[in-house]
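Close look at the chain arrangement
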Amino acid sequence: QQQVKQSPQSLIVQKGGISIINCAYENTAFDYFPWYQQFPGKGPALLIAIRPDVSEKKEGRFTISFNKSAKQFSLHIMDSQPGDSATYFCAARSGGYQKVTFGTGTKLQVIP
Amino acid sequence: ETGVTQSPTHLIKTRGQQVTLRCSSQSGHNTVSWYQQALGQGPQFIFQYYREEENGRGNFPPRFSGLQFPNYSSELNVNALELDDSALYLCASSLAEGSLGYTFGSGTRLTVV
């Protein structure tokens, strides 16, 4: 059951540009929305996260925008760099035992 | 502070065999979750262990089982391996009380032939 839908599947951005990845969810019981970054051969690493009572969170070049009524959230990477080339997963956590449901991933390539 | 370590890093098994994957959680973390990540897909929740007991399970058959030990390390066991079990198996640790995120290991790449 796909509870978190992510798009696009892949993204190519010029160095210095803005990368935007979108996600939508169905389950209103989700209470925490993290984004993970995964490099080849590595496990996912927590990048930034937001709670549904906040509309935006910024950490350095990374910003999450959250629209609770639309059940959508997105990741913006400003001034994208070649080192940002990785696969990004949006995710959503339901309460209780902290099960995290992941999106299908976006492979980002930042070209010089 | 050590992170999450998993062993082995790679493994090749024959269909029908059994496999055990191991995970040492990050220092201070008392909860371990296991995920299966097929090639090109997002991680899928298998189950979670807290205080040595299964604390939630995803849509995986009973031949996927686990253990958590008093030191919070964990094992994932898969019996009667099928070709579709070929995937990256990820272990993630967290702190149950007030935790906001997982720390993942680098995973075990399992290939079933």
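Residues numbered from 1 in each chain as written. Chains lettered and ligands numbered in written order. Predicted model: local features only at pLDDT ≥ 70, side-chain atom pairs only at ≥ 80, totals over all residues. Heavy atoms only, no water.

Turning our attention to the packing of aromatic side chains. Both the distance between ring centres and the angle between the ring planes are used here to describe each pair of aromatic rings. Residue and element names in this part refer to chain A. All told, the structure shown has 20 aromatic pairs over all chains when counted by the stated rule. Look at Y25 and F30: their rings are 6.1 Å apart centre to centre, the planes differ by 65°, and that puts the pair in the edge-to-face class. On the accessibility criterion, Y25 (8% relative accessible area) is buried. What makes F30 buried here is its relative accessible area of 4%. For the ring pair Y25 and F66, a centre distance of 6.0 Å and an interplane angle of 25° mean the geometry is stacked. In this pair, Y25 is assigned in strand β3 (residues 19–25) and F66 in strand β7 (residues 62–67), connecting sequence segments 41 residues apart. As far as burial versus exposure is concerned, Y25 and F66 are alike and both buried. (Phe/Tyr/Trp six-rings, centres within 6.5 Å; stacked < 30°, edge-to-face > 60°. Buried < 20%, exposed > 50% of the residue type's maximum accessible area, 1.4 Å probe, protein only. Helix = DSSP H or I, 4+ residues; strand = E, 2+ residues; numbered from the N terminus.)

What follows is about the sheet that holds strand β1 (residues 4–7) of chain A. Within a sheet, neighbouring strands are paired by backbone hydrogen bonds and run either parallel or antiparallel to one another. Residues and elements named next belong to chain A. Reading across the sheet, the five strands line up as β1-β3-β8-β7-β6 and stay open at both edges, with antiparallel pairing between neighbours. Each of the sheet's edge strands pairs with one partner strand only, and the pair in question is β1 and β6 (56–59). Direction aside, neighbouring strands of the sheet carry axes that sit 15° apart on average. Of the pairings in the sheet, the one linking β6 to β7 comprises four bridges and is antiparallel in character. Opposite E56, over in β7, you have S65 as the bridge partner. (Pairing = 2+ DSSP bridges. Axes fitted to C-alpha atoms, helices over the stretch in contact; angles between N-to-C directions.)

One broad rule of soluble globular proteins: the nonpolar side chains tend to lie buried together. Ranked by internal contacts, the top residues of the largest apolar core, which has 24 residues, are F33, W35, I48, F73, L75, Y88 and L108 of chain A. A total of four residues in this core trace back to one element, the largest contributor, which is strand β9 (residues 86–94) of chain A. If sequence neighbours within four positions are ignored, Y88 of chain A has contacts with Q6, I21, Y36, Q37, L47, L75, I77, G105, T106 and L108 of chain A. Membership of the second largest hydrophobic core comes to 20 residues, among which are W34, I46, A87 and Y89 of chain B. (Core = buried A, V, L, I, M, F, W, Y, C linked by side-chain atoms within 4.5 Å. Contact = heavy atoms within 4.5 Å.)

Counting residues at the interface gives 18 residues for chain A, matched by 23 residues for chain B. Interface area, chain A with chain B, both sides summed: about 1600 Å², of which 50% is carbon and sulfur. Linking chain A with chain B are zero salt bridges, by the criterion used here. Counting across the chain A and chain B interface gives three residue pairs in polar contact (both at pLDDT 80 or more). Looking at the side of chain A that touches chain B, the elements with two or more residues in it are β4 (30–38), β9 and β10 (100–102) of chain A. Residues belonging to the side of chain A that touches chain B are distributed by class as follows: eight nonpolar, six polar and four charged. (Buried area = accessible area lost by both parts, 1.4 Å probe. Salt bridge = Lys/Arg side-chain N within 4 Å of Asp/Glu carboxyl O. Polar contact = N/O pair within 3.5 Å; in protein donor to acceptor, adjacent residues only side chain to side chain. Nonpolar A, V, L, I, M, F, W, Y, C, P; charged D, E, K, R; others polar.)

Residue and element names in this part refer to chain A. Per the stated rule, a full pass over the model turns up two disulfides over all chains. Sulfur-sulfur distance for the disulfide between C23 and C90 comes to 1.9 Å. Looking down the S-S bond of the C23 and C90 bridge, the torsion is -95°, so its handedness is left-handed. One end of the pair, C23, is in strand β3; the other, C90, is in strand β9, and 67 residues separate them in sequence. Considered together, C23 and C90 belong to a single accessibility category, that of buried residues. (Disulfide = S-S within 2.5 Å.)

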